[in-house]
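# Remarks on the overall topology
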Amino acid sequence: MRQTQKPRIVNLLMLTVAGMINAFGITLFMTPVKLYDSGISGTSMLLEQITPSCLSLSLFLLVLNIPLFLVGLKKQGGLFTFYAIYTVGIYSLFAWLITDIFPIDVSIASPLAGTDLLLCALFGGVISGIGSGLAIRYGGAMDGIEVMAVIFAKRAGVTVGTFVMVYNIILYIICGCVLQSWVLPLYSIVAYSAALKTVDFIVEGIDRAKCAIIVTEWPHEICKVLTETFGSGITRVSAKGGYSNRDKAMLYFVVNRYQVIRMKDIVHDIDPAAFIIISEVADIFSSNNDE
């Protein structure tokens, strides 16, 4: 029987930090100069500008995001939904504190970057990207549009990334039409790009591992030398050549980017006919390195 997962204190602490960071990036850099974030956050920023002042960014974040997370409850699971709503709640709370409670003037310019649109786009994008990346890394999410993408992208015949990108393109076009100017939407795309790269960095790390699949007739020798050289375990699977019908083995081996060339040289020194496939690995989970 599958056990119900419970929230972890470490995750809640990091999601709290993620929400605070995201609020900091958005309210101190992007909102003052009317740049737009992506997804539901960007939609909330636009709605705040075109509706009465009593309707705040924090309110729109909650009203738009929480129903989307609840819609995705069955698809994503209860723990993810709880983490996501919690993160958005922290984000909304600190956005409200910064704009309405703290003695910080964010009404007409960024208190740190002034009215420099490029600085605001870059720093706002990077800082909010750090918040979003931490949210994803610790089991939550900062934006309900990503949940909708997971649910509807396949039905629409597109990838999740394409779904989110199309949504943001439509959002920025609407922003341009409402403002009757394309300067701010174009700078918002700069912020979105910076945030996207930062999210990838936070979630996947700067040094992504490489997976090597080696098909060889000399598995014993190759396993021995690679294990001695790199101190890593290797998974071995029996295989047979589709054309030659000869017995072979398929070795699954993970290295970092700096070890790839040396690994290929070692393999081909032992078996010049070895077939090697290299691909990127985003995450590795293991409790035992001995194979």
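Residues numbered from 1 in each chain as written. Predicted model: local features only at pLDDT ≥ 70, side-chain atom pairs only at ≥ 80, totals over all residues. Heavy atoms only, no water.

Bringing the sheet that holds strand β4 (residues 275–281) into the picture now. Hydrogen bonds along the backbone pair up the strands of a sheet, which may run parallel or antiparallel. Here four strands make up an open sheet; going across it, the order is β2-β3-β1-β4 and the pairing antiparallel. Two strands bound the open sheet, and with one partner strand each, they are β2 (235–240) and β4. Between one strand and the next, the sheet's axes are offset by a mean angle of 20°, whatever the strand orientation. Here β2 runs beside strand β3 (residues 247–255); their pairing, made up of six bridges, is antiparallel. Within β3, the position partnered with Ala239 by the bridge is Lys248. Where helix α10 (residues 219–230) meets the sheet, it contacts β1 (209–216), β2 and β3, and its direction lies at approximately 10° from that of β3. Across the sheet, helix α11 (residues 260–270) lies against β1, β3 and β4, angled at about 160° from β4, the strand it touches most. (Pairing = 2+ DSSP bridges. Helix = DSSP H or I, 4+ residues; strand = E, 2+ residues; numbered from the N terminus. Axes fitted to C-alpha atoms, helices over the stretch in contact; angles between N-to-C directions. Contact = heavy atoms within 4.5 Å.)

On to the environment of Ile213, then. Counting through the fold element by element, Ile213 comes out in strand β1. Ignoring sequence-local partners within four residues, the contact set of Ile213 consists of Met250, Leu251, Tyr252, Phe275, Ile276 and Ile277.

So, about the side chain of Ser110. Position of Ser110 relative to the elements: it lies in the loop between α5 (78–101) and α6 (117–137). Overall, the relative accessible area of 5% leaves Ser110 in the buried class. When residues no more than four places from it in sequence are discounted, the contact partners of Ser110 are Leu28, Phe29, Pro32, Val33 and Cys120. (Buried < 20%, exposed > 50% of the residue type's maximum accessible area, 1.4 Å probe, protein only.)

Note on terminology: disulfide describes a covalent bond linking the sulfur atoms of two cysteines. Summed over the entire model, instances satisfying the criterion amount to zero disulfides. Looking at the unpaired Cys120, the closest cysteine sulfur is the one in Cys175, lying at 16 Å. There is no disulfide at Cys211, and the cysteine sulfur nearest it, in Cys223, is 14 Å away. (Disulfide = S-S within 2.5 Å.)

Predicted confidence across the chain gives a mean pLDDT of 86, with 93% of residues reaching 70 or more. At the level of individual helices and strands, the chain shows its lowest average pLDDT in helix α4 (residues 73–76), which scores 78, and its highest in helix α1 (residues 9–30), which scores 94. (pLDDT = per-residue confidence, 0-100.)

In this structure, Met30 and Leu35 are the most contacted members of the largest nonpolar core, which totals 36 residues. Those elements that place two or more of their residues in this core are α1, α2 (39–50), α3 (57–71), α5, α6, α8 (160–179) and α9 (183–204). Broken down by element, this core gets its largest block of residues, eight residues, from α1. Those residues in contact with Met30, other than ones at most four positions away along the chain, are Gly25, Leu35, Tyr36, Asp37, Met45, Cys120, Gly124, Gly125 and Ala191. (Core = buried A, V, L, I, M, F, W, Y, C linked by side-chain atoms within 4.5 Å.)

Let us look at a nonpolar patch on the surface. A surface patch of nonpolar side chains, about 570 Å² in accessible area, is lined by Met165, Ile169, Ile173, Trp182, Leu186 and Ile189. The set of elements that each furnish at least two residues to the nonpolar patch consists of α8 and α9. Take the nonpolar patch: its biggest share by element is three residues, from α8. Judged by relative accessible area, which is 44%, Ile169 ranks as partly exposed. (Patch = residues over 30% accessible without salt bridge, like charges linked within 9 Å, V, L, I, M, F, W, Y side chains within 5 Å. Areas by Shrake-Rupley, 256 points an atom, 1.4 Å probe, with all protein chains shown as cover. Salt bridge = Lys/Arg side-chain N within 4 Å of Asp/Glu carboxyl O.)

A separate point is the packing of α3 against helix α7 (residues 144–156). Contact geometry for α3 and α7: axes closest at 8 Å, N-to-C directions at 30°. The angle between α3 and α7 falls in the class roughly parallel. Handedness of the crossing formed by α3 with α7: left-handed. Residues Asn65, Leu68, Phe69 and Val71 of α3 form the contact with α7, whose own contacting residues are Gly144, Ile145, Val147, Met148 and Ile151. When grouped by side-chain class, the residues that make up the contact of α3 with α7 number seven nonpolar, two polar and no charged. (Parallel < 35°, antiparallel > 145°, perpendicular 65-115°, else oblique. Left-handed = near helix turned anticlockwise from the far one by under 90°. Nonpolar A, V, L, I, M, F, W, Y, C, P; charged D, E, K, R; others polar.)

Take unusual backbone geometry next. We note that Lys34 has phi near 65°; this positive angle belongs to a residue other than glycine. Secondary-structure assignment places Lys34 in the loop between α1 and α2. For Lys34, a relative accessible area of 38% puts it in the partly exposed group. Although it is not a glycine, Gln180 sits at a positive phi angle of roughly 55°. Looking at the element boundaries, Gln180 is found in the loop between α8 and α9.

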